[in-house]
Amino acid sequence: MAFDVQAARADFPILSRRVHDKPLVYLDSAASAQKPRQVIEAMTRAMEHSYANVHRGLHTLANETTDAYEAARRKVAAFINADVDEIVFTKGGTEAVNLVAQGLGASLHPGDEIVISDMEHHANIVPWHFLRERKGVVLKWVPVTDDGRLDLGAFQGLLGPRTKVVALSHMSNVLGTINDAKALARMAHEAGALVLFDGCQAVVHKPVDVKDIDADFYVFSAHKLYGPTGIGVLYGKAERLTELPPYQGGGEMIGVVSRDEITYADPPHRFEAGTPPILEAIGLGAAIDWLSGQDRLAIAAHEHGLYDRVRERLAGFNWLRVIGDAPGKGAILSFTIDGAHAHDVAQILDRYGVAVRAGTHCAEPLMRRFGVTSSARASFALYNTEEEADAFVDALTKTQAFFA
Ligand code: PMP
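Being a predicted model, the structure only gives us computed values, none of them experimental. (Residues numbered from 1 in each chain as written. Predicted model: local features only at pLDDT ≥ 70, side-chain atom pairs only at ≥ 80, totals over all residues. Heavy atoms only, no water.)

Caption draft 1: Here's a closer look at helix 12 (residues 296-314). In this model, helix 12 (19 residues) spans 27 Å end to end at C-alpha, consistent with the 27 Å of a helix rising 1.5 Å per residue. Capping the start of helix 12, aspartate 295 holds a side-chain oxygen 3.1 Å from the backbone nitrogen of leucine 297, two or three residues further along. (Helix = DSSP H or I, 4+ residues; strand = E, 2+ residues; numbered from the N terminus. Expected span 1.5 Å × (residues − 1). Polar contact = N/O pair within 3.5 Å; in protein donor to acceptor, adjacent residues only side chain to side chain.)

Caption draft 2: Molecular detail of the packing of aromatic side chains. Counting across every chain of the model gives ten aromatic pairs. A ring pair is formed by phenylalanine 12 and tryptophan 290, whose centres lie 5.3 Å apart and whose planes are at 90°; its orientation type is edge-to-face. In this pair, phenylalanine 12 sits in the loop between helix 1 (5-9) and strand 1 (18-19) while tryptophan 290 sits in helix 11 (residues 278-292), placing the two residues 278 residues apart along the sequence. Exposure class is identical for phenylalanine 12 and tryptophan 290. Each is buried. Taken together, the ring pairs in this structure connect Phe12, Tyr226, Trp290 and Tyr383 into an aromatic cluster. The ring of phenylalanine 370 carries the charged tip of arginine 369 above its face, separated from the ring centre by 4.7 Å. (Phe/Tyr/Trp six-rings, centres within 6.5 Å; stacked < 30°, edge-to-face > 60°. Buried < 20%, exposed > 50% of the residue type's maximum accessible area, 1.4 Å probe, protein only. Lys NZ or Arg CZ within 6 Å of the ring centre and 35° of its normal.)

Caption draft 3: Seen up close, the nonpolar core. Grouped together as the largest cluster of nonpolar side chains are 82 residues, with contacts concentrated most on Ile80, Phe89, Phe197, Tyr218 and Leu382. Among the elements that make up this core, the one with the highest residue count is helix 11 (ten residues). Once residues lying within four places of it in the same chain are set aside, the contact partners of leucine 382 are Phe3, Val5, Ala8, Phe12, Tyr226, Trp290, Leu291, Ile299, His302 and Glu303. Among the nonpolar cores identified, the runner-up in size contains 30 residues, and Tyr307, Trp319, Val322 and Val345 belong to it. (Core = buried A, V, L, I, M, F, W, Y, C linked by side-chain atoms within 4.5 Å. Contact = heavy atoms within 4.5 Å.)

Caption draft 4: How the structure looks around the sheet that holds strand 8 (residues 194-198). The strand order across the open sheet built from seven strands is 4-10-9-8-7-5-6, with neighbouring strands paired in mixed fashion. Edge strands, defined here as strands with exactly one partner in the open sheet, are strand 4 (87-90) and strand 6 (138-142). Taken over all neighbouring pairs, the strand axes of this sheet differ in orientation by 20° on average, direction set aside. Bridge count for strand 7 (residues 163-169) against strand 8 is five bridges, and the pairing is parallel. Bridging across to strand 8, valine 165 finds its partner in leucine 194. In the packing of helix 5 (residues 126-135) onto the sheet, contacts are made with strand 5 (113-117), strand 6 and strand 7, and the angle to strand 6 comes to roughly 145°. (Pairing = 2+ DSSP bridges. Axes fitted to C-alpha atoms, helices over the stretch in contact; angles between N-to-C directions.)

Interpretation in functional terms is not warranted from these geometric data alone.
Set out below in structure tokens:
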């Protein structure tokens, strides 16, 4: 079944707006995706009709809201083939990695090794750097090949008896490379390490099955998945979450509190101190409902088609350098233009209504690896059209003329 992009677009109110009197061409979905009406309405409806704090009350609104919040957890669990108690709501992908790093760090020793890669987002670097600073663990870096793949031979060579954790991106937010999470997990487990995947990008573009991957931990955020900001997901295998100490202390995460003693709730609530992102969970549930109503493989094919179309046209431009050309990569195009700063490129493209991101993309080690200080990035989502892909290339050609 072909994907009906116009029908999908009709669900995203923002896509009909204009920027600088041009139709908006939104190619910044890897930073944050736009929201379908169904998400907006689900959150509004909750606030207008059935809102209270969760878990605490015995009154009708509290019970209804608790049901909606826990229903969202079940939707997330089904979406990635997890059990419901294996889903922890956090405030984002970043917090989910911090939660795991801080929890695992409690039992790590100086000289223990954590393997990450040169293609990680800072969200999957800095929390491990904290452990280097605070616990004396050693960070080992998987190098990236010239076309933007993880160097698997080098990865194998980094694994050893001191490897405790492997934390890798499932899909790079800069290169678009999709890593073979299942193979990486197998290699990590053979070395006796736990494995975490940063799925912030991957989960948007392909069906993810955490059991099939055999991930110990898998994290993502809602706002790239057509859901709201302010909520992310940590999946942890039940036995891993049970072993993990609490992250923050406060209401809802305890068993019993006395002057001298404290016990903790079971996962997932052990990791959800304080009032959680209730409306955001409802919004995320609506986003998953919306996405689940689409043919996800057809969406992936549509996004790849857009990428290939742009890539083909760019092939003739000798002033443009593409960073990341891994086979089977997702629809993210990072590039530099000879003699132009990426920020200037993004600002000029904006004059043509085209929204792209520019900078280091929170991936400074990767920028260094490719010898650039910044790049521009166009990221394609399900709602982008062939006309928009062409408008982007045309705007790029005009932009380059400023620097020629
Ligand atoms: N990892 C990757 C690959 C990302 O693209 C992002 C978002 N830019 C993050 C982690 C962090 O997610 P968040 O900002 O939603 O916490």
